[in-house]
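Residue-level structure breakdown
As a plain string of letters, each chain reads:
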Amino acid sequence: MTSRLLNDPIDLSAAPNQHAASSTNTLQSYFQAVFYNDLLSREEVFDLGPNTVGYPRVEVRRIALTVTEPRITVVKEVCNESVYGSGQACSNFVPLAADGDAYDSYIYRITLTNEASSGGVQRAPAYDVTVTDRLDPSDLAYVQPLASDGVDNDGDGLIGAPDADGEGSISDNVVRNGVAARITFSYTHSTALRRINPGQSVRLYYRVDYDDDAAPLQTFTNAADATYDSLEGVSGHQSVPQRPNSDKGGARVYTSQQASAAVRIIPVAVQPKRISRLSNTPPAGGSSTQAVSVGEEIEYRLNTLLPVALLRNFVIRDELPRDCAAAKPRSSI
């Protein structure tokens with residue numbers, strides 16, 4: 001006896017955008033029935049199939065279903081741990097952190113979500129998820145080792161040493177050698193990334209220290225995307241012969257849109273200029289105008305906030321009034 005299931009109108013390995021497409025499947029079975037003929041004292045073989053009288057009607061052998069596909073969205077954020085708290089509990093994850101300098105510690109969060117439904121149709125699970133995070137090409141970012149940074153990098157609920165499968169991998173984590181680091185989180189070492197059901201999210205974390213050569217207002221942008229497929233494991237529950245990914249009958253492979261998060265080093269900030277001492281007149285306190293005597297000496301204070309960053313050709317300039325008498329400047333930094 002042999003049988004086969006015919007898929008009539010849709011090719012599941014075709015181009016994307018098959019979500020919510022209709023598929024009609026018809027079972028057509030072929031049999032060989034063997035009878036022993038007592039009159040002729042021999043076996044007789046009969047081929048039975050869809051054209052045989054009494055074969056089940058097409059309506060009984062046909063089933064319609066809706067083909068769905070997963071859709072992973074990626075959201076990337078960063079938090080300044082030196083300001084908002086440590087680790088996964090950091091309280092201000094944002095797309096752009098512009099409130100710190102290279103001396104601060106930053107933690108990045110990547111949130112992967114499989115869309116729950118589309119057009120009233122539930123999405124399919126996403127299998128074998130791999131996330132690639134590319135750090136800023138300036139190569140001034142050092143990624144803290146994933147096995148010892150104290151956070152659950154790959155979303156599997158395990159931290160550091162207890163995670164026998166590892167937390168992820170980092171390529172070229174050497175700062176200022178011209179090759180930016182790349183972080184990979186894969187289903188091969190994370191149970192959370194083996195399957196993401198519709199409506200489910202997985203969060204990944206990693207820490208970065210920026211080199212002190214970072215300049216004021218310099219922006220560092222890290223970008224991540226995810227690849228995933230439509231079958232569990234290598235080939236799902238297919239029978240032999242199993243087809244490779246992207247082949248007809250094999251798993252369909254998807255790539256998410258890229259998401260990025262940025263850190264911008266704070267600028268050099270100059271605070272309001274103040275009079276700190278007068279040789280004769282009492283200070284006016286909070287008044288914006290200070291009355292002075294002719295020939296009186298005035299001591300000004302200039303405060304400048306410098307980020308931990310690379311500064312070259314640094315100059316502080318204070319322009320005196322055009323008709324002002326000669327000044328005797330004294331400064332200290």
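This write-up is about the structure you can find in this document. (Residues numbered from 1 in each chain as written. Predicted model: local features only at pLDDT ≥ 70, side-chain atom pairs only at ≥ 80, totals over all residues. Heavy atoms only, no water.)

Digging into unusual backbone geometry
Rules: A run of H or I in DSSP counts as a helix once it spans at least four residues, and a run of E counts as a strand once it spans at least two, with each numbered from the N terminus.
Notably, Asp128 is not glycine yet its phi reads approximately 50°, a positive angle. Examined against the element boundaries, Asp128 turns out to sit in strand E10 (residues 126-134). Look at Arg176: it is not a glycine, yet its phi comes out positive at around 65°. By secondary structure assignment, the location of Arg176 is in the loop between strand E12 (169-171) and strand E13 (182-186).

A look at the packing of aromatic side chains
To be explicit about the condition: Centres within 6.5 Å are what make two rings of Phe, Tyr or Trp a pair, Trp counting through its six-membered ring; a difference in plane orientation under 30 degrees is then read as stacked, over 60 as edge-to-face, and the rest as tilted. Any residue under 20% of the maximum accessible area for its type is buried, any over 50% is exposed, and the rest in between are partly exposed; the area is computed with a 1.4 Å probe on protein chains only.
Evaluation of the coordinates by the stated rule reveals six aromatic pairs. A centroid spacing of 6.2 Å and a plane angle of 65° characterise the contact between Phe93 and Tyr205, whose relative ring orientation is edge-to-face. Residue Phe93 is located in the loop between helix H2 (81-84) and strand E6 (96-100), and its partner Tyr205 is located in strand E15 (residues 201-210); the two are separated by 112 residues in the primary sequence. Tyr205 carries the same exposure label as Phe93, and that label is buried. Taken together, Tyr106, Tyr210 and Phe220 form an aromatic cluster joined through their ring pairs.

Regarding the sheet that holds strand E7 (residues 105-114)
Selection criterion: Here, a strand pair is defined by DSSP locating no fewer than two bridges between the strands. Only the stretch in contact is used when a helix axis is fitted, and all axes are lines through C-alpha atoms; the angle between N-to-C directions ranges over 0 to 180 degrees.
Pairing is antiparallel across the open sheet formed by four strands, whose spatial order is E5-E7-E15-E11. In this open sheet, the two edge strands, each paired with only one partner strand, are strand E5 (72-80) and strand E11 (141-143). Across the sheet, the mean angle from the axis of one strand to that of its neighbour is 30°, orientation sign disregarded. Here three bridges tie E11 to E15, and the two strands are oriented antiparallel to one another. Bridge pairing in E15 places Tyr142 opposite Asp209.

Structural notes on the environment of Ala21
Structurally, Ala21 can be placed in strand E2 (residues 21-37). Ala21 gets classed as buried once you look at its relative accessible area, which sits at 18%. Between the C-alpha atoms of Ala21 and Val67, which are 46 residues apart in sequence, the distance is 5.2 Å.

As for the pairing of E2
Here E2 pairs with strand E4 (residues 62-67) via six bridges, running antiparallel. Looking across to E4, one finds that Thr26 is bridged to Arg62. Bridge count for E2 against strand E3 (residues 42-48) is seven bridges, and the pairing is antiparallel. Bridging across to E3, Tyr36 finds its partner in Glu43. Remark: four residues form the turn of the hairpin made by E2 and E3, two consecutive strands paired antiparallel; Ser41 in that turn has positive phi of roughly 55°.

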